[in-house]
Amino acid sequence: MNATANPIGRAVPSPGANENTTPYSKGDRPAPPRELSEKLYLAAKKSKTRRFHALYDKVYRQDTLESAWKHVKSNRGKPGIDDESIGDILEHGEDIVLRAIQQTLKTGNYRPKPLKRVYIPKPDGRQRPLGIPTIRDRIVQAAAKKMLEPIFEADFLDCSYGFRPNLSSHDALETIRLIINNGYIHVLDADIKGYFDHINHEKLLEFVQQRISDRRILKLIRQWLKCGVIESGALKPTEQGTPQGGVISPLLANIYLHEFDKAWRLQNRVRGHLVRYADDFVILFRTRKDAERGLMIVKYILSKLGLELHPDKTMLVDVGRGKEGFDFLGFHHRMKMSMKYKRYYCQKHPSHKAMNAIRAKIRGILSPRHILPLSIDEVVLLINPLLRGWMNYFRFGNSSKQFSHIDSYVHERMALWWSKKHQKRGRRWKRDYNYAKHHATNIQLLSGNLKWWSNFSNAEERRLSESRMRENLTYGLMRGGW
């Protein structure tokens, strides 16, 4: 039997293998959520114009709600405006809560509560607004997403990488590296101004209706968009935008920008490779003239969607022969000369912004006085998860120099902590808290430490990294990063 690639997770029969494949037929045994998602994906892939009309009853099925609850519980999110936490639901009884949610959906009495406004600091000093739904609303959103995501995944283009199954930021970064090495050295580095706050609700619902005709599903989405936000004790209406923080918000954001992806692919005035991750994207061109023309086309397409580019974060960059570089998804991309072949190849390493961010987090852990009574083992347990997570993200690239800088910075901050703890002045990292003592604490080292090499989650990831290392050795790239 033929098989087709499926973003839901595993190979499933291709649409041509069985012409009678349908998401659900009366009289059949109800398919488990996983199997139902696969059938929805295949049905949507088979017919690009098909609209799905019987999804709402699948949302409140017991097994769908249980699967959604497991997803919400694993994320360990904070409570919404009702202050009901995941622990409260566990104490009250998972089955009781899920049955109550099922009943409200089944009778049509479900009404989402307003969102809780939370601000998180950004590296530039500004704050990013989040809208946090209640735990119960998140369960319903996760259940609806399980029905909607496979349908729209069948339509999404391969230039979109953000918030999609089995795709990650590293896939987008690898695509950029290969395209630049193929001669597309003029880059439009773009950012959409206030994207999540400026999504037009009517246009978004119009795009959803291209695939979904179930009125009850459309009503759910409209309720989530219009439920409002509680800020400073007052209810503020949400006339546009999709709140960051909801389970279904990334999917809705991708549905909206899918129209941008399609419009760019359909235009034939200029050739450029689009790589998009949520609202951040780059387009790579061969010539400066194409890049300038492409910028005008992008502005025109976004204006049709009610969006505009951020003037300070959008720029044209010439990366040829290492003249300039650009930042994307935390990495700085720049071409470097191959010492062996005397040619330029694209490399990437942590950007200045990413370096400053990790330093700030390290200071935030090691500077407060309340950690002075802790033992050195307890301090290492606090900082190691941060270092390990940062290393795991930036290990794919040419990051050895930056890794060494962070290792040195951690040593310095640990030496300052040790001096304060023992009521001494200065760093004393050459005499008292020297490198041998620092290394003996089992602190996570980023450079010169290949212990993580054997801890990869799967063999495929290990093969990818081995391939990258062989490539660096073959081309003699400077500062190879391994």
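Residues numbered from 1 in each chain as written. Predicted model: local features only at pLDDT ≥ 70, side-chain atom pairs only at ≥ 80, totals over all residues. Heavy atoms only, no water.

Caption draft 1: The arrangement of the overall build of the chain in detail. Assigned secondary structure in the chain consists of 16 helices and 13 strands. Here the chain, with 482 residues, has 48% of them falling under the buried criterion. Long-range contacts, defined here as pairs at least 24 residues apart, represent 70% of the contacts in the chain between residues at least 6 apart. For the chain, the exposed area adds up to about 24,500 Å²; of that, 50% sits on carbon and sulfur atoms. (Helix = DSSP H or I, 4+ residues; strand = E, 2+ residues; numbered from the N terminus. Buried < 20%, exposed > 50% of the residue type's maximum accessible area, 1.4 Å probe, protein only. Contact = heavy atoms within 4.5 Å. Areas by Shrake-Rupley, 256 points an atom, 1.4 Å probe, with all protein chains shown as cover.)

Caption draft 2: The arrangement of the confidence of the model for the chain in detail. For the chain, per-residue confidence averages 86 on the pLDDT scale, and 86% of positions sit at 70 or higher. Low confidence marks residues 1-5, where pLDDT is under 50. Its contacts with residues over four positions away, or in another chain, come to 15 contacts. Below pLDDT 50 for its whole length, residues 8-27 participates in 40 contacts with residues either more than four positions away or in separate chains. (pLDDT = per-residue confidence, 0-100.)

Caption draft 3: Up close: the pattern of salt bridges. Applying the stated criterion to the full structure yields 22 salt bridges. Here Lys39 makes a salt bridge to Glu35, at a shortest N to O gap of 3.5 Å. Of this pair, Lys39 and Glu35 both sit in helix α1 (residues 33-46), separated by four residues, roughly a single helical turn. Glu35 gets classed as partly exposed once you look at its relative accessible area, which sits at 27%. Here Asp155 makes a salt bridge to Arg211, at a shortest N to O gap of 2.8 Å. Remark: Arg211 occurs in the loop between α8 (201-209) and α9 (215-226) and Asp155 occurs in the loop between α6 (135-153) and α7 (169-181); sequence separation between them is 56 residues. You'll find Asp155 and Arg211 in the same group, each marked buried. Here the residues in one salt-bridge network are Lys48, Asp155 and Arg211, joined through shared partners. (Salt bridge = Lys/Arg side-chain N within 4 Å of Asp/Glu carboxyl O.)

Caption draft 4: Fine view of empty space enclosed by the protein. Applying the stated rule across the entire model yields two cavities of 30 Å³ or more. Considering only enclosed or pocket space, the largest cavity measures out at about 100 Å³ in volume. Taken together, 15 residues make up the lining of the largest cavity; nearest its centre are Leu115, Gln141, Trp224, Pro243 and Ser249. Listing elements by their share of the lining of the largest cavity, those giving two or more residues are α6, α9 and α10 (249-266). Split by residue class, the lining of the largest cavity holds eight nonpolar, five polar and two charged. (1 Å grid on protein atoms, 1.4 Å probe; cavity = no way out; pocket = protein on both sides within 12 Å on 5 of 7 lines; lining within 4 Å. Points joined across faces, edges and corners; volume = space filled by probe spheres on them. Nonpolar A, V, L, I, M, F, W, Y, C, P; charged D, E, K, R; others polar.)

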